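Tertiary structure, described
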Amino acid sequence: MYDLDDFDDGYYDEEEYYEDYGPPKPKAPPQKPKAGGAKAPGPSSMGKGVCQAAPKSAGGARGRAVKAEKARGFPAAPGAGRGFGFTSPSPDEEALSARKDSAGAGPASASAAASAAPARRPLSEYDLEAELVEACFREPGEAPGSLPALSLVVLGHVDAGKSTLMGRLLSETGAVGKERIHRLQRDMGGDGGAEETPWAWVLDERTEERSRGVTVDVASARFSTSRRSVRVLDAPGHRDFVPNAIAGASQADAALLVVDGAIGGFEKGFSAAPGGSLGRGGGQTREHVQLARCLGISQLAVCVTKLDTLGGAGYPGAEAAQERFEAVRQQLEPFLSKAGFRPGTVQWLPASGRTGDNLVCRPAAPELAWFQGPTVADAVDAFKASDRRVEMPFRMPVAEVLPKSRDLGATPAAGRLEAGAVVAGTEVRVAPSGRVVKVKKLQSQGDPRELARAGDAVEIGLLGLEEGELRQGDVLCHPSFPVPVVQRLEARVVTLDIMVPLLRGSEVVVHAHVAAVAGQVTEIRARLDPKTGAVQKERPRCVTRHQAALLVLELERPLCLEKYSDYKGLGRVTLRDGGHTVAVGTVTELLEYE
Ligand SMILES: Nc1nc2c(ncn2[C@@H]2O[C@H](COP(=O)(O)OP(=O)(O)OP(=O)(O)O)[C@@H](O)[C@H]2O)c(=O)[nH]1
Ligand SMILES: [Mg+2]
């Protein structure tokens, strides 16, 4: 009854690709890395990256306005500082404009005071320092007596109901008080009819987001369930803001995919575009699922919303709601499976932010009584908590540079530790600038912390950095085991629904963790069998849709990256062109780096 005509099941199984992959790679002599170079980065080679670009754009002012708005007690939103919206340039556009400006000077910090990079030491030589071992031992949990941490990204097509669901969940779990909801309701004005709910405004804080009813930035907030301390990242569904969704998903341990269950709603979000080109009218349900999996998320729950709309006003009756839920599931499941989310591992549930059904308590609506599965809170509890790779050297991509504060100093950085641990009073290296600075203070959502470990999302105050010396997309790392600052790399990628094949010379925007930079495909080393990874053809002329390939990418400006085999979170890349994701993959070799 609800079948899609254009359901395209030609998707490559990412799970198999990443987990069962391992055939010999084509032999192409890797260029000798400029390893261990003590060279201070020069202005032309180490200039601003994408997320560091366009400091004078209109977005700057907007960014500050947003910060002022966020400072009124709202949760920090990674990416908010970018300040791009419908009228200002997107991260993709900024990357391309940075390409044009690449002859210009980079940030002062990049050239001025870089500390000499130590000779590159193998990661295997790293031993967790005694001080950190002691700190980690002292604090076995997240903080004394607290719950294991989980970062959860909320994904899905535009208007699926993500912000509404999460805003209501924050309220039901007590993370947001009743007074705040009343204030929002008052701010909304209107006649208070059923159509006007304040829930999405809890997370959509920008004036532009509220007036258009569309999320732009990834908003971050915290709530607790009975078993998890959750950091929720509410991603935008609009296709213009996919780069922000990538930044959100790259910080998450698990994803909640919100699917609009209204008639036509699911179909729109799940449609493949005419001609099979993703993004050109295609639904973000597909793109978000593929991105999440390729960014390393393997834990997924699917939440079908808006079932209350099926019968006009209110629920249409148990039978219709159940029938629609099952129909959505039947169509989505094969796609999820092909994208790498095995059927048995995905949790399915109906819920509604607007009616509040099945969020924390079992559905109150008799029309959902047939559902015996988990609530949203149960689904969150069932996710495995953050992986703690504390035994690796410290790495933390800077998701946002926070405004100056008395507690945290001139340039506080917010982000999530990818690996290692850090305590206040120790030194960290800022890459790519190379500055070694002292950690003044650590905080988590405003509360002081002694220690931050892999998986934790924290704010770090750094001593000795001036405004402008730290940029979104920089990586804080261990001073003796710095993150490579990469100019040229080899990546194993899978193309999505592209209409124009990837060729040698194709220009793309390369996204990695929370950074992005313009780049070029300089070599197509091989086309690979997507299932086995075996080389199908050496040096093919092009790569078309749904193919796997080994590419060499030259970056316009250096990016902090790692091999996927060393650090998963810093070794994934997403290639975008013209506002569409064209390929996703992993870093297999660092060919030129410092
Ligand atoms: N009837 C009904 N409407 C809902 C439900 N959930 C959300 N809505 C409405 O759907 C519209 C979009 O909701 P949002 O929460 O802003 O959607 P979103 O997924 O966050 O949108 P983007 O962030 O812009 O992608 C709003 O008008 C909500 O009130 C639901 O369960 N039932
Ligand atoms: Mg939203």
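Below is a short write-up of the structure. (Residues numbered from 1 in each chain as written. Chains lettered and ligands numbered in written order. Predicted model: local features only at pLDDT ≥ 70, side-chain atom pairs only at ≥ 80, totals over all residues. Heavy atoms only, no water.)

1. Description of the sheet that holds strand β2 (residues 219-224)
Spatial ordering of the open sheet is given by β2-β3-β1-β4-β5-β6, a layout of 6 strands whose pairing is mixed. Lying at the two open borders of the sheet, with one neighbouring strand each, are β2 and β6 (347-350). The mean angle between the axes of side-by-side strands here comes to 25°, regardless of whether they run parallel or antiparallel. As paired elements, strand β5 (residues 299-305) and β6 share 4 bridges and run parallel to each other. (Pairing = 2+ DSSP bridges. Helix = DSSP H or I, 4+ residues; strand = E, 2+ residues; numbered from the N terminus. Axes fitted to C-alpha atoms, helices over the stretch in contact; angles between N-to-C directions.)

2. Digging into the packing of aromatic side chains
What characterises a pair of aromatic rings is the spacing of the ring centres plus the angle enclosed by the ring planes. The final tally for this structure, using the stated rule, is 6 aromatic pairs. Between Phe-266 and Phe-270 the ring centres are 5.3 Å apart and the planes differ by 20°, which places this aromatic pair in the stacked class. Taken together, the residues span about one helical turn, with Phe-266 and Phe-270 both in helix α11 (residues 265-270) at a distance of 4 residues. We classify Phe-266 as buried; its relative accessible area is 1%. A relative accessible area of 0% places Phe-270 in the buried class. Taken together, the aromatic side chains of Phe-266, Phe-270 and Phe-335 make up a single cluster linked through ring pairs. In this structure, Arg-293 is placed above the aromatic ring of Phe-341, and the distance from its NZ or CZ to the ring centre is 5.9 Å. (Phe/Tyr/Trp six-rings, centres within 6.5 Å; stacked < 30°, edge-to-face > 60°. Buried < 20%, exposed > 50% of the residue type's maximum accessible area, 1.4 Å probe, protein only. Lys NZ or Arg CZ within 6 Å of the ring centre and 35° of its normal.)

3. Quick word on the nonpolar core
Counting 72 residues, the largest nonpolar core has Val-153, Leu-256, Leu-257, Val-302, Leu-332 and Leu-336 as the members making the most contacts within it. The element best represented in this core is helix α13 (residues 318-339), accounting for 7 residues. Discounting residues that sit within four places of it in the chain, Leu-332 has contacts with Leu-257, Val-259, Phe-266, Phe-270, Thr-285, Val-302 and Trp-348. With 27 residues, the next largest nonpolar core counts Val-486, Leu-553, Leu-555 and Val-587 among its residues. (Core = buried A, V, L, I, M, F, W, Y, C linked by side-chain atoms within 4.5 Å. Contact = heavy atoms within 4.5 Å.)

4. Quick word on the coordination of the magnesium ion (ligand 2)
Surrounding the magnesium ion (ligand 2) are the protein donor atoms Ser-163 (OG) and Thr-215 (OG1), which sit 2.0 Å from the metal. You can see Ser-163 sitting in helix α6 (residues 162-172) and its partner Thr-215 sitting in the loop between α9 (207-212) and β2, a full 52 residues away along the chain. (Donors = N, O, S within 2.8 Å, 3.2 Å for Na, K, Ca; no water.)

5. Comments concerning the packing of helix α12 (residues 284-294) against α13
Here α12 crosses α13 at 30°, and the two axes come no closer than 10 Å. With respect to α13, the element α12 is oriented roughly parallel. In this structure, the crossing between α12 and α13 has a hand that is right-handed. Touching Thr-285, Arg-286, Val-289, Gln-290 and Arg-293 of α12 are Leu-332, Phe-335, Leu-336 and Ala-339, all from α13. Within the contact of α12 with α13, the residues separate by chemical class into 5 nonpolar, 2 polar and 2 charged. (Parallel < 35°, antiparallel > 145°, perpendicular 65-115°, else oblique. Left-handed = near helix turned anticlockwise from the far one by under 90°. Nonpolar A, V, L, I, M, F, W, Y, C, P; charged D, E, K, R; others polar.)

6. Some words on the site of ligand 1
In the neighbourhood of ligand 1, 18 residues make up the surrounding shell, with Lys-162, Thr-164, Thr-215, Ser-352 and Arg-354 lying closest. Contact distances for ligand 1 include 2.8 Å between an oxygen atom and a backbone N or O atom of Ser-163. A distance of 2.8 Å is found between a nitrogen atom of ligand 1 and a side-chain nitrogen or oxygen belonging to Asp-308. Burial of ligand 1 by the protein chains amounts to 89% of its free accessible area of 650 Å². Of the residues belonging to the shell around ligand 1, the class tally is 3 nonpolar, 10 polar and 5 charged. (Near = heavy atom within 4 Å. Polar contact = N/O pair within 3.5 Å; in protein donor to acceptor, adjacent residues only side chain to side chain. Areas by Shrake-Rupley, 256 points an atom, 1.4 Å probe, with all protein chains shown as cover.)

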